[in-house]
Structure formats: structure tokens, C-alpha cells
Amino acid sequence: MAELLAGDIRANANRAGNMLKGVFYVCPICGNVVHALGEGSFSCCGSTMFPQEAEEPDADHAFSIERIEDDWYVTLDHPMTKDHYISFVAYATMDGICFKKLYPEQSVQPRFHITGRGRIYLYCNQHGLFTSLTPRK
């Protein structure tokens, strides 16, 4: 109240209220994934995990998001070898996140129950994190 009366207006820096503003950390050695609601300091396998910057998909990682019944169906034709593969796909909305872990020799075809407009995140172990908005219903 004193800040308001003094005219000292501060912007709310609380990022924890929106899952869409979460941060992904991936271990460079074993591939473990941490999702945090803000910046943090994480380590795994004796190595520091750095925040991943999500980019728009390039030509090799342009995944499709299609609505099938009450699910988002994500597909991507991508190598799924032991050295080069999609490690996970995640669907984030303002109030939740759902992860699908993928493994080499598995196809990239996860389905997510639609819980609102959000973002799909896809992580390639060689090229990093990519993201795209879900289509409008």
C-alpha cells in the first residue's frame, strides 16, 4: 500500500503463474530434462544444465500439428537413430504441461488431449528446442 501511495509502481515479475513461460533444461551428457517455472540453477551428471532457447522450426524440424477428435496429433519425419533423434515433445498451456518422451527408432507421432490454446515444444538432441503455437480450435 505504501508503494502505491508513494507512486512507486512496480511491474509484477512473477513468472510462476503461466506455464507457457516455463524454461526447459537438458543435460548435455544423459539427456535428462528439467522444466522449471522460471530461471534456476540445475546440474546433472556433474555438468551444469543451461536453459534452452526455443526457436521457430527450420526446414528439417517443421512439425505438423493436426486436430484429431479431442487431441493434437504432432508428426515429424525426422531421423530417430541413437545419435540423432527427437528426445521429447511437450504441450504447454497457461495452466499445465504434458511431456511425451521419445526414444531412438520410435516414430515422432505423439498425441495430446486438447486442454486449450498453447504451444508445442519439440527437442532434437543435435539441434535444440523448437516451438510452435497450436492451431485455433
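Predicted model only: the values in this text are computed from it and were never measured.

Engineer: Is there a simple way to think about the pairing of strand β8 (residues 96-101) in this case?
Structural biologist: A regular strand places its side chains on the two faces of the sheet in alternate fashion. In this structure, strand β7 (residues 86-93) lies alongside β8, joined through six bridges in antiparallel fashion. Paired with V89 across the strands is K100, a residue of β8. Remark: two residues form the turn of the hairpin made by β7 and β8, two consecutive strands paired antiparallel.

Engineer: Any chance you could explain the pattern of salt bridges here in plain terms?
Structural biologist: For side chains of opposite charge, pairing can occur when their charged atoms come near one another. Going through the model one piece at a time under the given rule, you end up with two salt bridges. Across the pair D70 and R67 runs a salt bridge whose closest N-O atoms are separated by 3.7 Å. Among the residues examined, D70 registers a relative accessible area of 45% and is labelled partly exposed. Judged by its relative accessible area of 41%, R67 is partly exposed.

Engineer: I would appreciate a short explanation of the packing of aromatic side chains in the present structure.
Structural biologist: Here the distance between the centres and the angle between the planes together describe a pair of aromatic rings. Inspection of every chain in the model, using the stated rule, returns seven aromatic pairs. Plain terms: the ring middles of F24 and Y121 are 4.9 Å apart, the flat faces sit at 55° to each other, and that makes the pair tilted. Taken as a pair, F24 in strand β1 (residues 23-26) and Y121 in strand β10 (residues 119-124) lie far apart in primary sequence, 97 residues in all. Ring centres 5.6 Å apart and planes at 5° place the aromatic pair F88 and Y123 in the stacked group. Separated by 35 residues along the polypeptide, F88 in strand β7 and Y123 in strand β10 bring together distant segments of the chain. Judged by its relative accessible area of 10%, Y123 falls in the buried class. Members of the aromatic cluster, joined through ring pairs, are F24, F88, F99, Y121 and Y123. Lying over the aromatic face of F112, K100 brings its terminal NZ or CZ to 5.6 Å of the ring centre. A cation over an aromatic ring shows up here: K101 above the ring of Y103, its NZ or CZ 5.3 Å from the ring centre.

Criteria and thresholds
- Residues numbered from 1 in each chain as written.
- Predicted model: local features only at pLDDT ≥ 70, side-chain atom pairs only at ≥ 80, totals over all residues.
- Heavy atoms only, no water.
- Pairing = 2+ DSSP bridges.
- Helix = DSSP H or I, 4+ residues; strand = E, 2+ residues; numbered from the N terminus.
- Salt bridge = Lys/Arg side-chain N within 4 Å of Asp/Glu carboxyl O.
- Buried < 20%, exposed > 50% of the residue type's maximum accessible area, 1.4 Å probe, protein only.
- Phe/Tyr/Trp six-rings, centres within 6.5 Å; stacked < 30°, edge-to-face > 60°.
- Lys NZ or Arg CZ within 6 Å of the ring centre and 35° of its normal.

These results come straight from atomic positions and should not be treated as a statement about function.
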